[in-house]
Amino acid sequence: MVLTNGELSLSLDGALKLISLEVGGAPINNFLCQGGGMLGGVPMGFSISPREVKIEGYVCEDLEANRKLLCQICTQTPPFYIVDGDYRLELLPKHTIEFSSLKRFSEKLLKFTIRAISPSPYWLGEAVRQQFYNCGGESTDDIAIRITNTGDVEMGALFEFLMMSSCNFIKLIKGEERIFVNHPFKTMDKLFIDTRHGKMSVCYLPSGQSNPVNIIEFVSPDSSFFGLDVGENRFDFVVSQGLSYVTIEYSPAYLR
């Protein structure tokens, strides 16, 4: 396992040794509507709250240098992550790190305890990025976009349209839901539709420019910022009188 903030990293199987990793269960909040008379409540939905995480281990080598590095990673630049193979869990510090000095035989060790909160209860897998070519006009069953969400839950995604010719507007469709961007685009322009949690936006990058422009005002009010359901997903499109390449990027999430 590895602790990292994206820039700095420490292995928990090197100068640091992991004793235990405790990932608490995520509380489930049930929303009930009061029923009439003696019937009790009626379930209206639920949400999942953050999880508590506790990491314990020893600093075995270069105690002072690795103590400072551990503090940098886990308390000075939140969030940070614990990485277990292909999975990573986002963490926010709940307390500063607890340290205690120990001596085992001739060795001096520094025990540490990290108490943190995972704002999302899900471990994220490696990002998946898939490109679809020659998406033009109105999609049919033969040319619709199909992509599989291998995770345990629905996840938002980043949809990128690279215009290979000019077009009048773009629609992205999932079943009965749609995102309608009523804006013209030129060759090599890019459109970014982001439906990921906390990042929902619609941006436009004109060809030759480096700074995307927020064009949420050109999005139809009845649009839905849908994500990827678990399993296979089908997305249809309308690239009005134009042609584009479409790239979909998402990170599968697992409750583990």
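Here we summarise the structure given alongside this text. Not measured: the values here are computed from a predicted model. Position numbers for residues start from 1 in each chain and track the written sequence from start to end. Local features in this predicted model are restricted to residues whose pLDDT is 70 or higher, and side-chain atom pairs enter the listing and the counts only when it is 80 or higher, whereas totals over whole chains, interfaces and linings include all residues. As a rule here, side-chain values come from all non-hydrogen atoms in the structure, and water together with hydrogens is ignored.

## Digging into the pairing of strand 7 (residues 80–84)
Taken together, the three bridges between strand 1 (residues 2–4) and strand 7 define a ladder with antiparallel strand orientation. Counterpart to V2 in the pairing with strand 7 is V83. Think of it this way: DSSP has to see at least two bridges between two strands before they count as a pair. For helices the rule is a DSSP run of H or I covering at least 4 residues; for strands it is a run of E covering at least 2, with both sets numbered from the N terminus onward. By the bridge criterion, five bridges tie strand 7 to strand 8 (residues 87–93) in an arrangement that is antiparallel. By the bridge assignment, D84 is partnered in strand 8 with Y87. The antiparallel pairing of strand 7 with strand 8 creates a hairpin that spans two residues between the two strands, and G85 there sits at a positive phi of about 65°.

## Observations regarding unusual backbone geometry
Going from P78 to P79, the amide bond is cis rather than trans, its omega being 0°. Mapped onto the elements of the fold, P79 is located in the loop between helix 1 (63–76) and strand 7. Of note in the backbone geometry, D62 takes a positive phi value of approximately 45° without being a glycine. Among the structural elements, D62 can be located in the loop between strand 6 (51–59) and helix 1. For the exposure calls, accessible area comes from a 1.4 Å probe over protein chains only, and a residue counts as buried if that area is under 20% of its type's maximum, exposed if over 50%, partly exposed in between. Residue class for D62 comes out exposed when judged on its relative accessible area of 59%.

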